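# Working through the structure, step by step
Spelled out, the chains give:
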Amino acid sequence: MGTSSPAHAADGSTFALRRWSTPGQGGAVGMVLGGILAVQFGGALAATMFDRAGPPGMVTLRLCGAALVLVLLVRPRWRGRSRADWAVIAGFGLSLAAMNGLFYEALARMPIGAAVTVEFLGPLGLAAVLSRRLQHLAWVLMAAAGVFLLGYGSLAGLDPAGVVFALGAGACWAGYILLSAETGRRSTGLDGLALASAAAALMVLPFGVAAGGPALVAPDVLLVGLAVALLSSVVPYALELTALRALAGRVFGVLMSLEPAAAALAGLLVLGQVLTPVQLLAVALVVVASIGAARSPAKAPMPTDAPR
């Protein structure tokens with residue numbers, strides 16, 4: 001997933017991890033793959049507590065935990081911003097909150113591998129629109145064919161509501177990419193991301209409290225929520241910020257295209273979700289389409305790692 005907030009934040013970041021030494025090519029690839037696995041295993045771990053706190057409750061714990069860690073580490077500048085700056089940050093936070101909320105609702109209704117695969121249509125579609133190249137359109141059509149196969153990969157098919165939620169999350173992911181770029185132009189380092197994360201946490205808090213209630217303060221639920229926040233945001237951003245010093249953007253985008261496959265692995269190991277051979281073929285089609293789009297010459301942003 002080519003140009004996300006980690007890419008924009010790589011230059012001049014105040015994040016503590018800026019002191020890390022630049023890794024070699026092999027180490028950087030390993031860091032990106034580690035970040036991908038962290039995101040997907042974080043999502044799968046969150047699903048284990050849906051029966052206790054519900055998807056909104058786990059989204060709240062995940063975003064509040066991530067925002068707290070980012071604000072404490074980054075210490076963003078609060079003063080001296082224009083109304084337009086705050087509007088962009090608020091929009092970025094809204095896209096972040098909606099993306100995570102919709103994705104967790106999809107995750108409650110369908111396997112995580114399927115949910116991430118459907119969600120990928122959002123950033124792939126954005127890349128095709130912005131590039132205006134027929135080649136990109138062909139990759140999107142391949143991905144759409146994969147999603148179509150995904151729905152018919154089992155006798156029962158996929159939950160229609162889950163598919164709608166995943167598509168909504170994908171649309172918000174596309175918005176996240178655009179607003180991340182705009183926030184990066186208006187902020188230094190990870191300031192914009194930290195502020196947007198705080199805004200997103202405040203936006204989902206009422207829904208999480210209403211859905212989770214007392215379960216949100218149960219020690220085991222809080223512990224899982226903190227683990228999800230670390231796996232889904234802090235760990236991948238730390239790894240990617242360091243890896244981007246040694247990797248070209250196109251290589252980064254190709255590696256990020258493995259997210260659906262990583263999600264299927266996380267679903268199998270954490271949740272016992274087994275995809276059928278046809279569904280695995282569907283995931284492979286989306287991965288190939290994403291890799292093809294990432295390798296195609298274009299200025300369009302590619303699917304990027306989002307804090308899920």
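Throughout this description, residue numbers start from 1 for each chain and increase along the sequence as written. Local features in this predicted model are restricted to residues of pLDDT 70 or higher, and side-chain atom pairs are both shown and tallied only at a pLDDT of 80 or more, whereas totals for entire chains, interfaces and linings draw on every residue. With hydrogens and water set aside, each side-chain value is computed from the structure's full complement of heavy atoms.

## So, the overall build of the protein
Counting from the N terminus, the helices are the DSSP runs of H or I reaching at least four residues and the strands are the DSSP runs of E reaching at least two. A tally of regular secondary structure across the protein gives 13 helices and zero strands. Helices and strands appear in the protein in the N-to-C order α-α-α-α-α-α-α-α-α-α-α-α-α. Note on exposure labels: buried denotes an accessible area under 20% of the residue type's maximum, exposed denotes more than 50%, and partly exposed covers the range between, all computed with a 1.4 Å probe on protein chains only. By the burial criterion, 54% of the 308 residues in the protein qualify as buried. In this analysis, two residues are considered to be in contact whenever any of their non-hydrogen atoms come within 4.5 Å of each other. Long-range contacts, defined as pairs at least 24 residues apart, comprise 90% of the intrachain contacts of the protein with a sequence gap of at least 6. With an accessible surface of roughly 12400 Å², the protein has 70% of that area assigned to carbon and sulfur atoms. All accessible-area figures derive from a Shrake-Rupley calculation using a 1.4 Å probe, and residue coverage is judged against the displayed protein chains alone.

## Observations concerning the packing of helix H4 (residues 83-107) against helix H5 (residues 112-119)
Axis definition: a line fit to C-alpha positions, over the contact stretch in the case of helices; interaxial angles, taken between N-to-C directions, run 0 to 180 degrees. Between H4 and H5, the shortest axis-to-axis distance is 9 Å and the interhelical angle comes to 140 degrees. Regarding the angle of H4 to H5, the classification is oblique. In terms of crossing hand, the pair formed by H4 and H5 is right-handed. From H4, Met99, Phe103, Ala106 and Leu107 reach across to H5, where they touch Ile112, Ala115, Val116 and Glu119. Gly is put with the polar residues, along with every residue not named as nonpolar or charged; the nonpolar set is Ala, Val, Leu, Ile, Met, Phe, Trp, Tyr, Cys and Pro, and the charged set is Asp, Glu, Lys and Arg. Classifying every residue of the contact of H4 with H5 by side-chain character gives seven nonpolar, no polar and one charged. What sets the label is the angle itself: under 35 degrees gives roughly parallel, over 145 gives roughly antiparallel, 65 to 115 gives roughly perpendicular, and the rest give oblique. Here a crossing is taken to be left-handed if its near helix is turned anticlockwise relative to the far helix by less than a right angle, and right-handed if that turn runs clockwise.

## Considering the pattern of salt bridges
A side-chain nitrogen of Lys or Arg and a carboxyl oxygen of Asp or Glu constitute a salt bridge if their distance falls within 4 Å. Here the structure, examined in full by the defined rule, presents six salt bridges. Arg186 is the partner of Asp85 in a salt bridge, and the nearest nitrogen-oxygen pair spans 2.6 Å. In this pair, Asp85 is assigned in helix H4 and Arg186 in helix H8 (residues 160-186), connecting sequence segments 101 residues apart. A relative accessible area of 14% places Asp85 in the buried class. Across the salt bridge formed by Arg185 and Glu182, the nearest N and O atoms sit 2.8 Å from each other. Here Arg185 pairs with Glu182, and both are found in helix H8, just three residues apart, close to one helical turn. Accessibility expressed as a relative area gives 61% for Arg185, which makes it exposed. Via salt bridges that share partners, Asp85, Glu182, Arg185 and Arg186 belong to a single interconnected network.

## Regarding the packing of H5 against helix H12 (residues 259-271)
The contact between H5 and H12 brings their axes to 7 Å, and the two run at 165 degrees. Taken together, the axis directions place H5 and H12 in an arrangement best described as roughly antiparallel. Crossing of H5 against H12: the hand is right-handed. Every residue of H12 that contacts H5 at Ile112, Gly113, Val116 and Thr117 is listed here: Glu259, Pro260, Ala263, Ala264 and Gly267. Of the residues in the contact of H5 with H12, the class split is five nonpolar, three polar and one charged.

## Examining a nonpolar patch on the surface
On the surface, Leu37, Leu265, Leu268, Leu269, Val270 and Val274 cluster together into a nonpolar patch covering about 520 Å² of accessible area. Broken down by element, the residue count for the nonpolar patch peaks at four residues, all from H12. If you trace the backbone, Val274 turns up in the loop between H12 and helix H13 (277-295). Judged by relative accessible area, Val274 falls into the exposed class, the value being 65%. Like charges are joined within 9 Å and nonpolar side chains (Val, Leu, Ile, Met, Phe, Trp, Tyr) within 5 Å, but only among residues with over 30% relative accessible area and no salt bridge; these make up the patches.

## Brief notes about the nonpolar core
Soluble globular proteins tend to pack their nonpolar side chains together in the buried interior. We call a set of buried Ala, Val, Leu, Ile, Met, Phe, Trp, Tyr and Cys residues a nonpolar core when their side-chain atoms join them within 4.5 Å. Core analysis: the largest hydrophobic core is formed by 69 residues, its most contacted members being Met58, Phe103, Tyr104, Met110 and Tyr176. By size, the runner-up hydrophobic cluster in this structure holds 12 residues, among which are Met31, Leu247, Phe252 and Leu255.

## Side note on the packing of aromatic side chains
Pairing of aromatic rings covers Phe, Tyr and the six-membered ring of Trp, with a centre-to-centre limit of 6.5 Å; geometry is then stacked below 30 degrees between planes, edge-to-face above 60, and tilted otherwise. Under the defined criterion, the tally for this structure stands at four aromatic pairs. On the numbers, 5.1 Å between centres and 50 degrees between planes, the contact of Phe92 with Tyr176 is tilted. Here the residue Phe92 occupies a position in helix H4, and Tyr176 occupies one in helix H8, the gap between them amounting to 84 residues. Comparing Phe92 with Tyr176 shows no difference in burial state: the two are buried. Clustering of aromatic rings is evident, with ring pairs tying together Phe50, Phe103 and Tyr104.

## Here's the deal with unusual backbone geometry
Backbone phi values are negative for most residues with the exception of glycine, while trans is the configuration of most peptide bonds. The backbone of Arg75 shows a phi angle near 50 degrees, a positive value even though the residue is not glycine. Among the secondary structure elements, Arg75 is positioned in the loop between helix H3 (50-74) and H4.

## Notes on the confidence of the model for the protein
As a per-residue measure, pLDDT tells how confident the predictor is, with possible values from 0 to 100. Within the protein, residue pLDDT values average 82, and 84% of them lie at 70 or more. Contacts for the low-pLDDT stretch residues 1-20, under 50 throughout, to residues beyond four places or in other chains number 66 contacts.

## A word on H3
Under the convention used throughout, the expected extent of a helix is 1.5 Å for every residue step, that is, one less than its residue count. Helix length check: H3 (25 residues) gives 30 Å between terminal C-alpha atoms against 36 Å at 1.5 Å per residue, more than 12% under. The bend at a residue is defined as the angle formed between two axes, one fitted to the seven residues ending at that residue and one fitted to the seven starting there. Within H3, the axis deviates most sharply at Pro56, by approximately 70 degrees. At the C-terminal side of H3, Arg75 shows a positive phi close to 50 degrees.

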